[in-house]
Amino acid sequence: MTAEYVVVARASDIPPGTVRVVSVHDREIAVCNVGGRYYAIDNVCTHDGGSLDQGDLDGEAIECPRHGARFDVRTGAVLAMPAVAPVATY
């Protein structure tokens, strides 16, 4: 399977330390700028569906505003419960 690249924004549209939600193929993707590196994850918390872009981006971790689940934006891995399933990364 080959990777598909989709232009979603300009680098200047997503300053360091911020998150921007984009739509790709009817899916909401949170694009996170961590020190000039960009990471794309599903914008939905796997615990109860909260919008991750509404939470805090702290370095490489994003926190869901609903119950505090945290995810690594680089890998999608769960860093803090109550979530137990990772978020998809792109």
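Preceding this paragraph is the structure being described.
Bear in mind the structure is a predicted one, so any value in this text is a computation, not a measurement.

What counts, and at which threshold
- Residues numbered from 1 in each chain as written.
- Predicted model: local features only at pLDDT ≥ 70, side-chain atom pairs only at ≥ 80, totals over all residues.
- Heavy atoms only, no water.
- Pairing = 2+ DSSP bridges.
- Helix = DSSP H or I, 4+ residues; strand = E, 2+ residues; numbered from the N terminus.
- Salt bridge = Lys/Arg side-chain N within 4 Å of Asp/Glu carboxyl O.
- Buried < 20%, exposed > 50% of the residue type's maximum accessible area, 1.4 Å probe, protein only.
- Disulfide = S-S within 2.5 Å.
- Core = buried A, V, L, I, M, F, W, Y, C linked by side-chain atoms within 4.5 Å.
- Contact = heavy atoms within 4.5 Å.

Enquirer: Break down the pairing of strand β3 (residues 37–42) for me, with residues and values.
Expert: As paired strands, strand β2 (residues 27–34) and β3 are joined by six bridges and run antiparallel to one another. Looking across to β3, one finds that Ile29 is bridged to Asp42. From the end of β2 to the start of β3, which pair antiparallel, there are two residues, and Gly35 there has a positive phi angle of about 60°.

Enquirer: Hey, could you go over the environment of Ile14 for me, with residue numbers and the actual values?
Expert: By secondary structure assignment, the location of Ile14 is in the segment before β1 (19–24). Residues Ile14 and Val34, 20 residues apart in the sequence, show an inter-C-alpha distance of 9.9 Å.

Enquirer: A description of the pattern of salt bridges should follow, citing residues and the corresponding values.
Expert: A complete count under the given rule lists six salt bridges for this structure. Residue Arg27 pairs with Asp42 through a salt bridge whose shortest N-O separation is 3.2 Å. Taken together, the residues Arg27 in strand β2 and Asp42 in strand β3 connect sequence positions 15 residues apart. For Arg27, a relative accessible area of 41% puts it in the partly exposed group. By relative accessible area, which is 14% here, Asp42 ends up buried. A single salt-bridge network, built from bridges that share partners, covers Glu60, Asp72 and Arg74.

Enquirer: Quick one: what's the story with the state of the cysteines, residue by residue and with numbers?
Expert: By the definition in use, this model includes zero disulfides. Just so you know, Cys64 is unpaired, no disulfide at all, and the nearest cysteine sulfur is the one on Cys45, 3.8 Å from it. The class of Cys64 is buried, set by a relative accessible area of 1%.

Enquirer: How would you summarise the nonpolar core if you had to cite specific residues and measurements?
Expert: Among the nonpolar cores identified, the biggest contains 15 residues, and Ile41, Leu52, Ile62, Phe71 and Val73 are the most heavily contacted of them. Elements represented by at least two residues in this core include exactly β2 and β3. Ranked by the residues each element gives to this core, the list is headed by β2, at three residues. Non-local contacts of Ile62, meaning those with residues more than four positions away in its chain, are made with Val19, Cys32, Ile41, Leu52, Asp56, Leu57, Ala69, Arg70, Phe71 and Val73. Grouped together as the second largest cluster of nonpolar side chains are six residues, Ile14, Val22, Val24 and Ile29 included.

Enquirer: Give me the side chain of Asn33: which residues, what numbers.
Expert: In this fold, Asn33 is placed in strand β2. Judged by relative accessible area, which is 1%, Asn33 ranks as buried. If near-sequence neighbours (up to four positions away) are discounted, Asn33 is found in contact with Ile14, Pro15, Pro16, Gly17, Thr18, Tyr38 and Leu57.

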